[in-house]
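# Architecture at a glance
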Amino acid sequence: MAQASQYWKARLIRYLFMAAAATSILIVVLVFLFLGRESVPFIAKHGLGAIFGGQWQPVSFENEQFGMLPLITGSILVTLLATVLAVPFGIVAAIYIAEMASAAEREIWKPVIELLAGIPSVVLGFFGLVVVAPLVKEVFGLTSGLNAFTGAVLLALMAIPTIITISEDAIRNVPQSYKEASFSLGASKLQTIWKVTVPAALSGIVAAVMLGVGRVVGETMAVMMVTGNAAVITFSPTESVRTMTATVAAEMGEVPFGSDHYHALFVIGVVLLLMTFGLNMVAQRVLRKYRIG
Amino acid sequence: MTDHSAHISAKHLNFFYGATQALHDVSVDLKRSRVTAFIGPSGCGKSTFLRTLNRMNDIIDDTRVEGQVLVDGLDVYSGACNVIDLRRKIGMVFQKSNPFPKSIFDNIAYGSRIHGEKSRRVLEEVVERSLRRSGLWDEVKDRLDHNAMGLSGGQQQRLCIARALAVNPEVLLMDEPASALDPRSTARIEDLISELRGDYTIVIVTHNMQQAARVSDETAFFYEGKLIEVGVTKQIFTNPTEKQTEDYITGRFG
């Protein structure tokens, strides 16, 4: 009898844990289904080609336009710029903290960086509006500082702590014996870092970059506040752009339920999801390529 | 007649980890083209002493050296010594084999590359020569592009020896190079040391006294951070001068 109750107890606990694990899968599936269901009516009516239209004019009396290309290019432009700013900076900072800074210095750097990671994006948005945008305006001699570059600077600020923290862990996990081998062959500190430590930590660094960029792609609030939100196709950093995330966030609240516009916003969500999905796939590929085994 | 003058001389060397003194007034001459074995119980300072010779202790925080280490008459702790040239001249093999997570070729070519060699042809020559020297060539010549981590423990250690030889050192420091290997691999490493004997000044730290007796010309016995006795291996093992050396060799402690 006691044995049987033991058995059922073990079973029960197992199922409880399984339910917890299954919930996350269920939610992902539900999100996919829901996004799919809400975006199908738009695709059915306007066709897939509508996504690549060049004009986003969802509210108009004569001719509504749901071309998402400006939003997609806007997101890509801001993300690319942010990546270009954040990745070198983050990796170099991580190398410094992991390999060059003294133990006492590290005690200061690490909490400060974690603090930076904890700043709410709205607060960073304020900082962008009040400090970065005017600065960008001055430096580039523009009429407005609300543009892709300003947005990218803020996004870089958000990605950098992630990149630094995870890269630094990866770099510090490189066995001391590799570095000793390098030094014993007459390599300098810098040679050892570039030719041994960083390559050995590369999979972790790539993961750090991907997580950082992932945060950038999905970020909404700060970019909405500082990019100017003009839905135009441009690849100039000093022009206003409108990202996909900002579009959904800004327009969802006012859109008539069930309208074309409403469904179009869900299509944006699907495109965004596919983009991050693709990014993850690329990251996995890169990781596999560099993972040495 | 081979020159067996002092290649490396330590003079009144003291070494500290923080406040702990690990070496006490060590003075010794290590002879050119000879194999010198350092023996002694764990923690006796033999590895620490070995690492002072190519300044590998520099990379450990909070350490301090007093006294001199002369390599070819030049004090390695003086401002006149370039640590990069020093380590080029004095190769090192570690207790745990530590190939880089790169291909076999890139492991061996690493030293030449960091010292500026770019020609693929020259690098290929260096790789082949070094691998032949360490007796690994026939085993790996068809898979030089494979990752070195895929080799067996004994092969990895011979790869590390080849990597050290690739930069043409004059001295080879070996810190218990066979302690993590099985008996067969150990025998191969010992054979390799015998083959290299005469061409390089070799210093080997070992826990294994039979190994010291087999491979070395001279033996130095360390105990509690002090150099107790140094002399011709045969004499140390058959007729040591110091009581402590005799006790250790006959297995009374250690």
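In case you missed it, the structure is sitting above this.
So, a few notes on the structure that sits alongside this text. (Residues numbered from 1 in each chain as written. Chains lettered and ligands numbered in written order. Predicted model: local features only at pLDDT ≥ 70, side-chain atom pairs only at ≥ 80, totals over all residues. Heavy atoms only, no water.)

### Focus: the overall build of chain A
- For chain A, the count of helices and strands is 11 helices and 2 strands.
- The secondary structure elements of chain A, listed N-terminal to C-terminal, are α-β-β-α-α-α-α-α-α-α-α-α-α.
- Its C-alpha atoms give chain A principal-axis dimensions of roughly 80 × 75 × 35 Å.
- Out of the 293 residues in chain A, the part that is buried amounts to 41%.
- In chain A, once contacts between residues fewer than 6 apart in sequence are set aside, the share between residues at least 24 apart is 70%.
- On chain A, roughly 15700 Å² of surface is accessible, and the fraction owed to carbon and sulfur atoms is 70%.
- Of the charged side chains in chain A, 18 are positive and 16 negative; the average position of the first set lies 14 Å away from that of the second. (Helix = DSSP H or I, 4+ residues; strand = E, 2+ residues; numbered from the N terminus. Buried < 20%, exposed > 50% of the residue type's maximum accessible area, 1.4 Å probe, protein only. Contact = heavy atoms within 4.5 Å. Areas by Shrake-Rupley, 256 points an atom, 1.4 Å probe, with all protein chains shown as cover. Lys, Arg positive; Asp, Glu negative; His and termini not counted. Charge placed at Lys NZ, Arg CZ, Asp CG, Glu CD.)

### Examining helix α4 (residues 121-140) of chain A
All names here are of chain A.
- For α4, built from 20 residues, the straight-helix expectation of 28 Å at 1.5 Å per residue is missed by more than 12%, its first-to-last C-alpha distance being only 25 Å.
- Bending of α4 peaks at approximately 45 degrees at the position of glycine 128.
- Turning to α4, its buried residues are Ser121, Leu124, Gly125, Gly128, Val132, Ala133 and Val136.
- Once α4 ends, the next one or two residues include glycine 141, with phi positive near 65 degrees. (Expected span 1.5 Å × (residues − 1). Bend = angle between axes of the 7 residues up to and from the residue.)

### A short note on the sheet that holds strand β1 (residues 6-17) of chain B
Residue and element names in this part refer to chain B.
- Strand order in the open sheet made by the 4 strands is β2-β1-β4-β5, with antiparallel pairing throughout. The sheet terminates laterally at β2 (20-31) and β5 (74-75), the two strands that pair on one side only.
- As judged from the 2 bridges shared by strand β4 (residues 63-71) and β5, these two strands associate in the antiparallel manner. Across the sheet, valine 71 pairs through a bridge with leucine 74, a residue of β5. (Pairing = 2+ DSSP bridges.)

### A few points about the sheet that holds strand β10 (residues 226-232) of chain B
Residue and element names in this part refer to chain B.
- In space, the 6 strands of this open sheet follow the order β6-β7-β8-β3-β9-β10, with mixed pairing throughout. Of all strands in the sheet, those bounded by a partner on one side alone are β6 (90-93) and β10. Looking at each pair of strands side by side, their axes are set apart by 15 degrees on average, direction ignored.
- Summarising the sheet, strand β7 (residues 171-175) and strand β8 (residues 201-205) pair through 5 bridges and their orientation is parallel. Bridge assignment links methionine 174 to a residue of β8, and that residue is isoleucine 204.
- Each of β3 (35-39), β6, β7, β8 and β9 (218-223) is contacted by helix α1 (residues 46-53), which is oriented at about 150 degrees to β7, the strand it contacts most.
- The strands touched by helix α6 (residues 153-165) are β6 and β7; relative to β6, the strand with the most contacts, the crossing angle is about 170 degrees. (Axes fitted to C-alpha atoms, helices over the stretch in contact; angles between N-to-C directions.)

### Concerning a nonpolar patch on the surface
All names here are of chain A.
- Judged by side-chain polarity, Val122, Phe126, Phe127, Leu129, Val130, Val131 and Met221 come together as a nonpolar surface patch covering roughly 580 Å² of accessible area.
- The element contributing the most residues to the nonpolar patch is α4, with 6 residues.
- The topology assignment puts phenylalanine 127 in helix α4. (Patch = residues over 30% accessible without salt bridge, like charges linked within 9 Å, V, L, I, M, F, W, Y side chains within 5 Å. Salt bridge = Lys/Arg side-chain N within 4 Å of Asp/Glu carboxyl O.)

### Notes on the interface of chain A and chain B
- Counting residues at the interface gives 20 residues for chain A and 23 residues for chain B.
- Note on chain A versus chain B: buried area summed over both sides is about 1800 Å², and carbon and sulfur give 63% of it.
- The tally of links from chain A across to chain B stands at 1 salt bridge.
- A salt bridge links arginine 51 of chain B to glutamate 180 of chain A; the nearest nitrogen and oxygen atoms lie 2.9 Å apart.
- For the pair chain A and chain B, the number of links is 6 residue pairs in polar contact (both at pLDDT 80 or more).
- Of all the elements in the fold, those that place two or more residues in the side of chain A that touches chain B are α6 (176-184) and α7 (189-200) of chain A.
- The element best represented in the side of chain A that touches chain B is α6 of chain A, accounting for 8 residues.
- Residue classes in the side of chain A that touches chain B are distributed as 9 nonpolar, 9 polar and 2 charged. (Buried area = accessible area lost by both parts, 1.4 Å probe. Polar contact = N/O pair within 3.5 Å; in protein donor to acceptor, adjacent residues only side chain to side chain. Nonpolar A, V, L, I, M, F, W, Y, C, P; charged D, E, K, R; others polar.)

### What about the pattern of salt bridges?
- Enumeration over the complete set of coordinates arrives at 24 salt bridges over all chains.
- Across the pair glutamate 168 of chain A and lysine 110 of chain A runs a salt bridge, and its minimum N-O distance is 2.8 Å. With glutamate 168 of chain A in helix α5 (residues 148-172) and lysine 110 of chain A in helix α3 (residues 103-117), this residue pair connects regions lying 58 residues apart in the sequence.
- Classification of glutamate 168 of chain A by relative accessible area gives buried; the value is 2%.
- One salt bridge connects arginine 188 of chain B with glutamate 139 of chain B, and the closest N-O pair in it is separated by 3.3 Å. Note that arginine 188 of chain B is positioned in helix α7 (residues 183-196) and glutamate 139 of chain B in helix α5 (residues 137-140), a separation of 49 residues in sequence.
- Owing to a relative accessible area of 29%, glutamate 139 of chain B belongs among the partly exposed residues under this scheme.
- Ionic contacts of the salt-bridge type, sharing partners, join the residues Asp3, Arg32, Asp72 and Lys89 of chain B into one network.

### Some remarks on the side chain of threonine 36 of chain B
Residue and element names in this part refer to chain B.
- With respect to the secondary-structure elements, threonine 36 resides in strand β3.
- Looking at threonine 36, the relative accessible area reads 3%, which means it is buried.
- Apart from the residues within four sequence positions on either side, threonine 36 is in contact with Leu30, Ile202, Val203, Ile204, Ser216 and Glu218.

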